[in-house]
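# Report on the structure
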Amino acid sequence: MNDRNETMIDAVIKKADALCPDSLALIGVYGSVATGDEYGKSDLDLMILINDENGQVLADGFIIDDVDIGYDLYCTSWDMLENDAQCGHAHLSRLFDSMIVYCKDKSALKRLDEIRRKATELLASDKRYEKADQAYSDAKKMLAEVYLAQSLSKARSCAGAAIEFIENAVMLYNGQYFRKGTKRALDELKQLGLPYDPETRILAVIQAETVEEIRAELTEIFVLTDGYLQVLKKREPPSAENLRGTYEEMYSNWKNKMAEAAGRNDVYSSFMNLLSLQWMFYEIAECIAVDGFEIMDKFNPKNLEENVDVFNQALNKYLAEYEKVGICPKHFESMTEYAEDYNKEISEEI
């Protein structure tokens, strides 16, 4: 570490001793200085970990004229580290890799080690897939913003945000984090062995010259990434316990509404009712090993009676799956007959 950096660290410690002696927990060095990737104009990334808000007096920003380097001293709270340990993003070098250069109390090191342990366990667990999925969902929101953008500046900005979210998603999916900063990010992504070259695809977005080109290149990244990030969830085999009631729910919610919509030539209702059935199929198939029953490709806005047939055929197909696990829907001639059956246990006890 050069003299400038040592002088700055000493200054922080001296100020803490004078103004907030109980606030400074420890100081860690991360970033290029810690990784050995620094160059002549590198600043110093410090984790100034404070115990309370009084420690905020240690924060500062300044420029050293003789070397023309800007410095940004900001303070990190324990809550901020705990939040990092939830792995909502993959830029975790501050948490994991900070080299401790000052510690007032060994209990702070113990607490830091515990936070690191929790983050390490999360990255090694299946919960990392949830974190990756959230980051990817945020990327998709940015993709929508790119398609809504009316200016090149807005499209580029949103595309850049989408790329960052995708990078986070890919790293977290693999249980990894960025260790070496922005200039090495593409190298770190390459090491994951993705089914496409991330540098080529990302640079294609960055170098695109029009909004249309940005949209096309960014969409290609999503197409390539989408399948890679899919996590094959363990699905339960179909059983009477996990399927019971689902057929009756489909029948009750939408069967007659489909026919009614056709009778009124209500395209919107026909579409939405069929869509509701489709999503119920998706939700069941996500957890239970049954077919997804793709039906929306058969929707016909010009012939709503055909949509009634599509619904009924899908419902009958699902009924076959239903009956395979030993469930037979109950049918009654009238509500009176149903009421008698529903209350027969009362009669038996009396």
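Residues numbered from 1 in each chain as written. Predicted model: local features only at pLDDT ≥ 70, side-chain atom pairs only at ≥ 80, totals over all residues. Heavy atoms only, no water.

### Section: the sheet that holds strand E6 (residues 99-103)
Which entries qualify depends on this criterion: At least two DSSP bridges between two strands are required for those strands to pair. Strands here mean DSSP runs of E at least two residues long; helices mean DSSP runs of H or I at least four residues long; both are numbered from the N terminus. Convention adopted: a line fitted to C-alpha atoms gives each axis, helices being fitted over their contacting stretch, and angles between N-to-C directions are expressed from 0 to 180 degrees. In what follows, residue pairs with any heavy atoms lying within 4.5 Å of each other are defined as contacts.
The strand order across the open sheet formed by four strands is E5-E2-E1-E6, and the pairing between neighbours is mixed. Each edge of the open sheet carries a strand with a single partner, namely strand E5 (75-77) and E6. Within the sheet, the average angular offset between the axes of one strand and its neighbour, ignoring direction, is 30 degrees. Pairing of strand E2 (residues 45-50) with E5 involves three bridges; the strand directions are parallel. By the bridge assignment, isoleucine 50 is partnered in E5 with serine 77. Helix-sheet contacts for helix H1 (residues 3-19) involve strand E1 (24-30), E2 and E6, and the interaxial angle to E1 is about 170 degrees.

### Comments concerning the nonpolar core
Where we set the bar: Nonpolar cores are built from buried Ala, Val, Leu, Ile, Met, Phe, Trp, Tyr and Cys residues. Side-chain atoms within 4.5 Å join them into one set. Buried means the residue's accessible area, taken with a 1.4 Å probe over protein chains only, is under 20% of the maximum for its type, while exposed means over 50%, and partly exposed covers the values in between.
Core analysis: the largest hydrophobic core is formed by 54 residues, its most contacted members being Trp78, Leu81, Leu95, Val170, Leu218 and Phe222. Here this core gets eleven residues from one element, more than from any other, and that element is helix H7 (residues 152-173). Other than its neighbours up to four places away in sequence, leucine 218 contacts Leu143, Val146, Ala159, Ala162, Ile163 and Val205. Among the nonpolar cores identified, the runner-up in size contains 28 residues, and Val290, Phe299, Tyr318 and Leu319 belong to it.

### Observations concerning the packing of helix H6 (residues 127-148) against helix H10 (residues 211-228)
So the rule is basically this: Relative orientations are named as follows: roughly parallel for angles under 35 degrees, roughly antiparallel for angles over 145 degrees, roughly perpendicular for angles from 65 to 115 degrees, and oblique for any other angle. Crossing chirality is assigned from the near helix's rotation relative to the far helix, an anticlockwise turn below a right angle marking it left-handed and a clockwise turn marking it right-handed.
At a minimum axis separation of 10 Å, H6 and H10 run at an interaxial angle of 155 degrees. Taken together, the axes of H6 and H10 lie roughly antiparallel to each other. Handedness of the crossing formed by H6 with H10: left-handed. Of the residues in H10, those in contact with Tyr136, Ala139, Lys140, Leu143, Val146 and Tyr147 of H6 are Ile214, Arg215, Leu218, Thr219, Phe222, Thr225 and Asp226.

### A word on the packing of aromatic side chains
In this description, a pair of aromatic rings is defined by centroid distance and the angle of the planes. Short version of the rule: Centres within 6.5 Å are what make two rings of Phe, Tyr or Trp a pair, Trp counting through its six-membered ring; a difference in plane orientation under 30 degrees is then read as stacked, over 60 as edge-to-face, and the rest as tilted.
If you walk through the whole model with that rule in mind, you get 15 aromatic pairs. Ring centres 5.6 Å apart and planes at 40 degrees place the aromatic pair tyrosine 247 and tyrosine 322 in the tilted group. In this pair, tyrosine 247 is assigned in helix H12 (residues 246-263) and tyrosine 322 in helix H14 (residues 304-324), connecting sequence segments 75 residues apart. Taking relative accessible area as the criterion, tyrosine 322 reaches 0% and is therefore assigned buried. With a centroid separation of 5.4 Å and an interplanar angle of 70 degrees, the aromatic rings of phenylalanine 332 and tyrosine 338 are classed as edge-to-face. Each residue in the set Tyr247, Tyr251, Phe281, Phe293, Tyr318 and Tyr322 is aromatic and connected to the rest through ring pairs, giving one cluster.

### Remarks on the side chain of serine 42
Heads up, the condition is: N or O atoms closer than or at 3.5 Å make up a polar contact, with two conditions inside protein: a donor-capable atom paired with an acceptor-capable one, and, for residues adjacent in sequence, both atoms drawn from side chains.
Along the chain, serine 42 falls in the loop between helix H2 (32-35) and E2. Relative accessible area serves as the criterion here: at 8%, serine 42 is assigned to the buried category. Separated by 2.8 Å, the side chain of serine 42 and the backbone nitrogen of tyrosine 39 make a polar contact. When residues no more than four places from it in sequence are discounted, the contact partners of serine 42 are Ser32, Ile69 and Tyr71.

### Overview of the packing of helix H9 (residues 198-206) against H10
Just so we agree on the cut-off: In this classification, the charged set is Asp, Glu, Lys and Arg, the nonpolar set is Ala, Val, Leu, Ile, Met, Phe, Trp, Tyr, Cys and Pro, and all remaining amino acids, among them Gly, are polar.
As a packed pair, H9 and H10 sit with axes 8 Å apart at the nearest point and diverge in direction by 155 degrees. By the angle between their directions, the pair H9 and H10 is classed as roughly antiparallel. In this structure, the crossing between H9 and H10 has a hand that is left-handed. Where H9 abuts H10, its residues Arg201, Ile202, Ala204 and Val205 lie against Ile214, Glu217, Leu218, Glu220, Ile221 and Leu224. For the contact of H9 with H10, the residue count by class is seven nonpolar, no polar and three charged.

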